[in-house]
Amino acid sequence: MSISSPLMQQINHSIIDDLAEHGWSHQRDFLSPELTLALAAQCRANAAAGNLIAAGVGRGTERTVQQGIRGDHIQWLEAGQSDPTDQFLQIIEQLRCRLNQELYLGLEEVECHFALYPPGAFYQKHVDRFHDDDHRVVSMVIYLNQDWLPEHGGALRLYPEGEPERDILPLGASLVLFLSAALPHEVLAATRERLSLTGWFRRR
Ligand SMILES: O=C(O)CCC(=O)C(=O)O
Ligand SMILES: [Fe+2]
């Protein structure tokens, strides 16, 4: 599906409205089933080749691996790594431009990684901004899991201020976007492997 299709225009409209009103947005079927499958296969192949590493906590010299805080394995995306990741980066680039046009967010760049949570892995409640770095403005997560059921666990739990918490299942092709500084969230443990692409739209 091309980003300029009527469906994508409509999806982007509700993304913009949700972000402006609530500071977060959840969209089913953001990616095509074909691209979702291709990205999941790419993520698994990269993991099998040893290209995903245990994710760290903190930044620079303070960065450490602490599986009691987060247990996922990640690989940062770069242009030219594979066809599906290049297609994905193009879609995300168009979303970045759209967010800037509609919400004047001044987002200048995107950073994005594959994330693989083995069964039982989780990410404790956190906010996506480092205490000494306010470059991350909008967070996004796109899930790559087929046939996910509630009993598999693995929800993303959001804690919107003054509202009850919300659990979002990591259903393949769906997108969650939120303002990075404003929304505490956590990843609950799952009974099966949980795949996603996580990224941040940034100001320099
Ligand atoms: O995978 C998710 O649902 C969220 C991941 C997350 O919070 C992060 O990587 O900062
Ligand atoms: Fe996060």
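Residues numbered from 1 in each chain as written. Chains lettered and ligands numbered in written order. Predicted model: local features only at pLDDT ≥ 70, side-chain atom pairs only at ≥ 80, totals over all residues. Heavy atoms only, no water.

A. Summary view of the overall build of the protein chain. Along its length, the protein chain carries three helices and 11 strands. The C-alpha radius of gyration computed for the protein chain amounts to 16 Å, which stays within 12% of the reference 17 Å derived for 204 residues, consistent with globular compactness. Expressed along its principal axes, the backbone C-alpha trace of the protein chain runs to roughly 40 × 35 × 35 Å. Counting over 204 residues, the protein chain shows a buried share of 48%. Partitioning the intrachain contacts of the protein chain with sequence separation of at least 6 by distance along the chain shows that 75% fall at a separation of at least 24. (Helix = DSSP H or I, 4+ residues; strand = E, 2+ residues; numbered from the N terminus. Rg over C-alpha atoms; globule rule 2.2 N^0.38 Å. Buried < 20%, exposed > 50% of the residue type's maximum accessible area, 1.4 Å probe, protein only. Contact = heavy atoms within 4.5 Å.)

B. The arrangement of the side chain of Asp-128 in detail. Among the structural elements, Asp-128 can be located in the loop between β5 (123-126) and β6 (136-143). A polar atom in the side chain of Asp-128 sits 3.0 Å from the side chain of His-126. With near-sequence residues (within four places) excluded, Asp-128 lies in contact with Arg-136, Ser-139, Phe-178, Ser-180, His-185 and Trp-200. (Polar contact = N/O pair within 3.5 Å; in protein donor to acceptor, adjacent residues only side chain to side chain.)

C. Local environment of the sheet that holds strand β3 (residues 73-76). What the seven strands build is an open sheet, ordered β1-β9-β6-β11-β4-β3-β2; its pairing is antiparallel. Here the strands that pair on one side only, and so sit at the sheet edges, are β1 (24-27) and β2 (53-54). Note that strand β4 (residues 109-117) and strand β11 (residues 194-202) share nine bridges and pair antiparallel. Across the sheet, Tyr-117 pairs through a bridge with Arg-194, a residue of β11. Lying over the sheet, helix α2 (residues 33-48) contacts β3, β4, β6 and β11, oriented at roughly 70° with respect to β4. Where helix α3 (residues 83-103) meets the sheet, its contacts fall on β4, β6, β9 (175-179) and β11, and the angle it forms with β4 comes to roughly 130°. (Pairing = 2+ DSSP bridges. Axes fitted to C-alpha atoms, helices over the stretch in contact; angles between N-to-C directions.)

D. Quick look at the coordination of the iron ion (ligand 2). Donor atoms from the polypeptide that bind the iron ion (ligand 2) are His-126 (NE2), Asp-128 (OD) and His-185 (NE2), placed at 2.0 to 2.1 Å. Mapped onto the sequence, the residues coordinating the iron ion (ligand 2) show the spacing H-x1-D-x56-H. Exposure remark for Asp-128: the relative accessible area of 8% places this residue in the buried category. (Donors = N, O, S within 2.8 Å, 3.2 Å for Na, K, Ca; no water.)

E. Region of interest: α3. Over its 21 residues, α3 extends 30 Å from the first C-alpha to the last, a length consistent with the 30 Å expected when each residue adds 1.5 Å. Every buried residue of α3 is accounted for by Pro-84, Thr-85, Phe-88, Ile-91, Ile-92, Leu-95, Arg-96, Arg-98, Leu-99 and Asn-100. In the segment just after α3, Tyr-104 is the residue with positive phi, at about 50°. (Expected span 1.5 Å × (residues − 1).)

F. Molecular detail of the packing of aromatic side chains. Under the defined criterion, the tally for this structure stands at one aromatic pair. Each ring, one from Trp-76 and one from Trp-200, has its centre 6.3 Å from the other, and the planes form 45°; the classification is tilted. Of this pair, Trp-76 sits in strand β3 while Trp-200 sits in strand β11, and the two are 124 residues apart along the sequence. Owing to a relative accessible area of 6%, Trp-200 belongs among the buried residues under this scheme. Over the face of the ring belonging to Tyr-159 we find Lys-125, whose NZ or CZ atom lies 4.0 Å from the ring centre. Here the basic side chain of Arg-136 rests over the ring of Trp-200, its NZ or CZ set 3.7 Å away from the ring centre. (Phe/Tyr/Trp six-rings, centres within 6.5 Å; stacked < 30°, edge-to-face > 60°. Lys NZ or Arg CZ within 6 Å of the ring centre and 35° of its normal.)

G. Representation of the sheet that holds strand β7 (residues 156-158). Strand order in the open sheet formed by four strands is β5-β10-β7-β8, and the pairing between neighbours is antiparallel. Either end of the sheet is taken by a strand with one partner, and the two such strands are β5 and β8 (166-168). Going from strand to strand, the sheet's axes swing by 15° on average, the running direction of each strand aside. Inspection of the sheet shows β7 paired to strand β10 (residues 185-187) by three bridges, in the antiparallel sense. Of the residues in β10, the one forming a bridge with Arg-157 is Glu-186.

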